[in-house]
Each structure stands twice: as structure tokens, then as C-alpha cells.
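# A look at the structure
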Amino acid sequence: MRMRWINGIWPYRLNGQDSLILFIKKGFFWKPVNIFSRMSSSWIIVKRGEGILQKKIAVELVEVAPFKALAVRTGMTPDKSGTRVAWSTLTAQVPIRDERLTDVPSAYVLIPQEQWSKQVDTLWVGLAVREFGDVQDSIETLEVSGGLCASARVYGNEAHMWLVYDAMFAWLEQSPDYELDRREGVLGMETVPLEPLNALTIPYTEIETFDFTMLYPVRKKSGL
């Protein structure tokens, strides 16, 4: 594979393994922030800053079954309150004890994947259901296709969350076999556990531990 610069990421060889250096811009200069090493189907962060060892961040391929969701549309807001307002609106109409809900105790933040190439400005907060039933005007019905997804777990502070996003999109940039499925209508998923603590009920600035799983549908690269 030819080495090339991609959005602040430089591929190279480290101890015989394909690797990446992630840079951020500081004024007129680019400063190295993370080093990624490729191991089978995952990228892990092995160094940060001045060589401080970090927790491994694995990106894995998983199959997600298709499902139905009742959801409320929202936009991205500077204070991240949009998803919290959407959750409040959703659960006012679809309470957690609603018989239509599946047995999985998670909320979903659903993101149109075509937006990843520009700016995410529209998303949904939803709950998986067995059937739609009677639906109020404020609630939308979604058919989520699922399929093969790149998955990564976030469990840590805000800095850790952004490191996981870095690792996920580095993997998607460098995977020789798969790419993000950006076709219209394909929804990426972020699952938020409802227990023991539901982050969608807490203001963003007050969250100490971010806990969710990224599930972004992928497809084989063209020509493979």
C-alpha cells in the first residue's frame, strides 16, 4: 500500500506492522498526538503525547440484526442538549415499560451516515420495538437495516471518548477491505445503556463517564 497523508494521518511501518501517526494542527505546525498500530482487524492506540501508554481501543466487525425503532428527530446543538430534549419527548410518549419495547435495555442515537462526509446536523434518539403500534405525531417510525458494522466501545471521560472516535475513523480510513456505508438511508448507531445510569438524562457537561457503543455499518470496498 502506498504511504500517503490523509486528513492529518500518516501511515508508516512500526516493528514490522502497518501503523499510523495522528497529527493535530498547532498554529502553522502539525503536532503528533497518537500512534496507532494495526493488529488483525483492529487499530489500537499504543502511545500518546510524550510516550504515555494508553488503554487499548479495539475496532471490531460485528453483525447487527435489523430492527424497528420509535424515535424523535433532533439537531446538533452547541451544548449537546438536543439529544436530551429528544429523549424526554420520546419517553413521554413511549415509556420504558411500554410493551412494544424489545428486551435490550438500551437507547439508540441514530446518525445518517451520509452526513459523516460533511457535518452531522440531524439525528434521532430512539428505542427498539417489536412493533410500531399507535404512534403520536411527535414520534417517527424507523426501519434500521443493521448489517455488518464497525464497532468500538466508549467507557471513560470525554478525552477518552474522542480518542475512540479517532481510532474508529482511522480504522475506516485505512481498512483494505471495508469502507463506511454512506448510502442514503443507512443509519449509524450509538447504543446508550439505560442502567445503571442513563447519560441521556444528564446534562452533557455533567457526565463523568461516557458509556456507549459505536456501531457504524460498513460495506466491501468497490472492486473487491
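The following paragraphs examine the structure supplied in this document. (Residues numbered from 1 in each chain as written. Predicted model: local features only at pLDDT ≥ 70, side-chain atom pairs only at ≥ 80, totals over all residues. Heavy atoms only, no water.)

Once that is clear, we can look at the pairing of strand E8 (residues 122-129). Of all the eight residues making up E8, eight are buried; the element is thus mostly covered by neighbouring parts of the structure. Alternating positions in E8 separate into two faces, Thr 122, Trp 124, Gly 126 and Ala 128 on one and Leu 123, Val 125, Leu 127 and Val 129 on the other, with burial throughout. (Buried < 20%, exposed > 50% of the residue type's maximum accessible area, 1.4 Å probe, protein only. Helix = DSSP H or I, 4+ residues; strand = E, 2+ residues; numbered from the N terminus.)

On to the pattern of salt bridges, then. With the rule as written, the count across this model stands at six salt bridges. A salt bridge links Arg 100 to Asp 98; the nearest nitrogen and oxygen atoms lie 2.9 Å apart. Pair check on accessibility: Arg 100 and Asp 98 agree, each one buried. (Salt bridge = Lys/Arg side-chain N within 4 Å of Asp/Glu carboxyl O.)

What follows deals with the nonpolar core. Proteins that are soluble and globular tend to have nonpolar side chains buried together. Among the nonpolar cores identified, the biggest contains 44 residues, and Trp 87, Leu 90, Met 168, Phe 212 and Met 214 are the most heavily contacted of them. Going through the elements one at a time, strand E6 (67-75), helix H1 (82-93), strand E7 (106-112), E8, strand E10 (147-156), helix H2 (158-174), strand E11 (178-180) and strand E13 (210-220) are the ones with two or more residues in this core. The leading source of residues in this core is H2, at eight residues. The contacts of Leu 90, once residues within four sequence positions are left out, are Leu 70, Ala 71, Val 72, Val 125, Gly 126, Leu 127 and Ile 139. Within the second largest apolar cluster, 14 residues are counted, among which are Ala 71, Trp 124, Ala 128 and Val 144. (Core = buried A, V, L, I, M, F, W, Y, C linked by side-chain atoms within 4.5 Å. Contact = heavy atoms within 4.5 Å.)

End to end, H2 covers 25 Å across 17 residues, agreeing with the expected 24 Å (1.5 Å per residue, within 8%). Those residues of H2 not exposed but buried are His 160, Met 161, Leu 163, Val 164, Tyr 165, Ala 167, Met 168, Ala 170, Trp 171, Leu 172 and Gln 174. Put simply, Asn 157 is the residue that caps the front of H2, since its side-chain oxygen is 3.3 Å from the backbone nitrogen of Ala 159. (Expected span 1.5 Å × (residues − 1). Polar contact = N/O pair within 3.5 Å; in protein donor to acceptor, adjacent residues only side chain to side chain.)

Further remarks concern the layout of surface pockets. A water-sized probe rolled over the atoms picks out the places where empty space is left. Taken as a whole, the largest pocket holds about 600 Å³ of empty space. In terms of lining residues, the largest pocket is bounded by 26 residues, among which Met 76, Lys 80, Met 161, Tyr 165 and Glu 190 are the most central. Within the residue set of the lining of the largest pocket, elements represented by two or more residues are E6, H1, E7, H2, strand E12 (187-193) and E13. The biggest single contributor to the lining of the largest pocket is H2, with four residues. Split into classes, the residues belonging to the lining of the largest pocket amount to 17 nonpolar, five polar and four charged. (1 Å grid on protein atoms, 1.4 Å probe; cavity = no way out; pocket = protein on both sides within 12 Å on 5 of 7 lines; lining within 4 Å. Points joined across faces, edges and corners; volume = space filled by probe spheres on them. Nonpolar A, V, L, I, M, F, W, Y, C, P; charged D, E, K, R; others polar.)

Another aspect to go through is the side chain of Thr 74. Within the element layout of this structure, Thr 74 appears in strand E6. Polar side-chain contacts of Thr 74 include one of 3.1 Å to the backbone oxygen of Gly 82.

Turning our attention to the environment of Ala 150. One can find Ala 150 in strand E10. Remark: the alpha-carbon pair of Ala 150 and Val 218, spanning 68 residues in sequence, is separated by 6.5 Å. Each residue touching Ala 150, except ones within four places of it in the same chain, is listed here: Val 59, Glu 60, Leu 61, Met 168, Trp 171, Leu 172, Met 214, Leu 215, Tyr 216 and Val 218.

Inspection of every chain in the model, using the stated rule, returns seven aromatic pairs. For the pair Tyr 165 and Phe 212, a centre-to-centre distance of 6.4 Å together with 45 degrees between the ring planes defines the contact as tilted. Of the two residues, Tyr 165 sits in helix H2 while Phe 212 sits in strand E13, which places them 47 residues apart along the sequence. The interplanar angle of 35 degrees and the centroid separation of 6.1 Å between the aromatic rings of Phe 169 and Tyr 216 together place this pair among those described as tilted. With Phe 169 in helix H2 and Tyr 216 in strand E13, this residue pair connects regions lying 47 residues apart in the sequence. Phe 169 sits in the partly exposed class, given a relative accessible area of 25%. Three or more aromatic residues joined by ring pairs make a cluster, and in this case those are Trp 116, Phe 169 and Tyr 216. Cation over ring: Lys 80 sits above Tyr 204, and NZ or CZ is 4.9 Å from the ring centre. (Phe/Tyr/Trp six-rings, centres within 6.5 Å; stacked < 30°, edge-to-face > 60°. Lys NZ or Arg CZ within 6 Å of the ring centre and 35° of its normal.)

This next bit is on unusual backbone geometry. Glycine aside, residues mostly have negative phi angles, and peptide bonds mostly take the trans form. Here the residue pair Glu 195 and Pro 196 is connected by a cis peptide bond, since its omega of 0 degrees sits within 30 degrees of zero. Position of Pro 196 among the secondary structure elements: in the loop between E12 and E13.

The terminal C-alpha atoms of H1, which comprises 12 residues, lie 17 Å apart, in line with the 16 Å expected from a rise of 1.5 Å per residue. Along H1, the residues that are buried comprise Gly 82, Thr 83, Arg 84, Ala 86, Trp 87 and Leu 90. For H1, the secondary structure elements touched by its buried residues are E6, E7 and E8.

Function cannot be read off these values alone, since they describe shape.
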